[in-house]
Amino acid sequence: MFWPFRKPPLIDVAANHWSLAAPLLRFSKRDCWTIGNSLNGTLILGATGSGKTSGSGRAIALSLLQAGFGGLVLTAKSEERALWESYCREAGRLNDLLIFGPDEPLRFNFLDHERQRKGAGAGLTENIVQLLMNLQEVAHTRAGQSGSGEKDEYWQEAKEQLTRNCIDLLSWATEHVTVRDLHQLVNSAPTSEAQANSDAWKNWSFCYKCLAAADNRSLTVEQRDDLKVVADFFLTEFPAIAGKTRGIITSTFTSMVDVLNRGILRKLLCSETTVTPEVVETGKILLLDLPIMEFARVGQLAQAIWKYSFQRSISRRNIANSPRPVFLWADEAQYFLTSHDMMFQSTCRSYRVATVLLSQNVSNFYAVLGGGEKARSEADSLFGNLNTKICHANGDSVTNEWAAKLIGQSRQFLVNANNSYDPSDWMSAVTGVGRTQQTSSGISESYQFEVQPCVFTTLRTGGYEYNGDVDAIVIQNGKTFRDTSRTWRLATFQQTPG
């Protein structure tokens, strides 16, 4: 049974101080789960109906809210907004909840945010390029695609080169970067050397107007050198690419930005800015009300932009000036997975970020990353940096065996005994009289799983049948639970307040 701390005694929110030793909840009467533990990352796995969301998920969410964390909540299911409203209401944090969605007034121009933010790396073209490339990766991840081979690498590098030159040119020519201008710039670029030198193209081309405007700007010597590189690309290198190849590069670029240039995404992410990821540092909980089950690819891309911007933003903050812990919450986490998550999770403790990922099984992560050994390596890299793992009832044999291996094996002693009867003659064999009994016994030593995979199929799943009790096996790297002397223990969570 978990024991929550309704008022964590070591947390002084008023003094803007959060001790890493402050307890958030207990998995037993003698074992605390602290702020420091939460910053090491948490993975919650359980089959549909296992109670992972209403059991351990609810307990951890409430503990983070009651401790004063800010946070970003990604949504996959339509009911998650109502769920988090109930969490915030119960924790007394409803006034801190911000909703970002189609029917809400909040807006976030992600390109302008990256270009105009403060800091030494502000406005760097390569950072904006990677922000856009992250969108493509999410779209491919959703489809279970995985780039490999020299040909795939060429298309990726060619698209990054085109994006890089577009962003540089727009920054100098218009002093801002918009999705609409990116789209127009590429579509008006010359397709042949003859066209690049023609007056007709110069009269109508937005690309040429940007080149002329940039040339008339007051630029530094370094910027002038970079402008020459950009001009050579658009006037010489790009037109010289074979028509079919250039068409594919252009098409992959425009298809990437086209979805941002219309409808909900244009309104929410390409207009003005009224909220930024930095708001979570003040204790706000920002919920992205664009559930994937409702908004599909649009919801996934919008939340991918927010997640990446949040990760980049929080990785730049000064902990001395902004010490408040924050969380990143993703139920159905496989839908939001990118390669950047592995790198972010390896360093996010330093920035006081508690990542909480929920999913049915590890097979989900392997599948969305394309399957195969590479996908397993990438997913296992992420799992390795989520130090608290909570495993609920599951019917996925891959996950159950993975959890059993994670807990590990120990030396166990097996007792065996044997009885046999040796009849002395045929009459004894028929009548059973006069048989000679032989008995043997022994103890053998072997290494066996401490928790067999089949155990995960027997855990209680809450509901009326189990009086709201939800069982899970909690595994914490580097910690020995006092009541089990192991790195794991069985814990029970209540689905409803006690």
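Above this text sits the structure in question.
Residues numbered from 1 in each chain as written. Predicted model: local features only at pLDDT ≥ 70, side-chain atom pairs only at ≥ 80, totals over all residues. Heavy atoms only, no water.

### Some words on the environment of A403
Thinking step 1. By secondary structure assignment, the location of A403 is in helix α18 (residues 397-407).
Thinking step 2. Spatially, the C-alpha atoms of A403 and C391 are 7.6 Å apart, while their sequence positions differ by 12 residues.
Thinking step 3. If near-sequence neighbours (up to four positions away) are discounted, A403 is found in contact with C391, F456 and I475. (Helix = DSSP H or I, 4+ residues; strand = E, 2+ residues; numbered from the N terminus. Contact = heavy atoms within 4.5 Å.)

### Some remarks on the environment of K389
Thinking step 1. Inspection of the secondary structure puts K389 in strand β12 (residues 388-391).
Thinking step 2. The exposure class assigned to K389 is buried, which follows from its relative accessible area of 2%.
Thinking step 3. Sequence-wise, K389 and L45 are 344 residues apart; in three dimensions their C-alpha atoms are separated by 7.8 Å.
Thinking step 4. Residues contacting K389, with those up to four places away along its chain left out, are L43, F383, W402, L406, I473, V474, I475 and N477.
Thinking step 5. At a separation of 2.6 Å, a polar atom in the side chain of K389 contacts the main-chain carbonyl oxygen of L386. (Buried < 20%, exposed > 50% of the residue type's maximum accessible area, 1.4 Å probe, protein only. Polar contact = N/O pair within 3.5 Å; in protein donor to acceptor, adjacent residues only side chain to side chain.)

### What about the packing of helix α7 (residues 179-187) against helix α12 (residues 243-258)?
Thinking step 1. Across the interface, α7 lies against α12 with an axial gap of 10 Å and an inter-helix angle of 160°. As judged from the angle between their axes, α7 and α12 are roughly antiparallel. The crossing of α7 and α12 is left-handed. Here V179, L182, H183, V186 and N187 of α7 lie close against α12, whose contacting residues are T250, F253, T254, V257 and D258.
Thinking step 2. Split into classes, the residues belonging to the contact of α7 with α12 amount to 5 nonpolar, 4 polar and 1 charged. (Axes fitted to C-alpha atoms, helices over the stretch in contact; angles between N-to-C directions. Parallel < 35°, antiparallel > 145°, perpendicular 65-115°, else oblique. Left-handed = near helix turned anticlockwise from the far one by under 90°. Nonpolar A, V, L, I, M, F, W, Y, C, P; charged D, E, K, R; others polar.)

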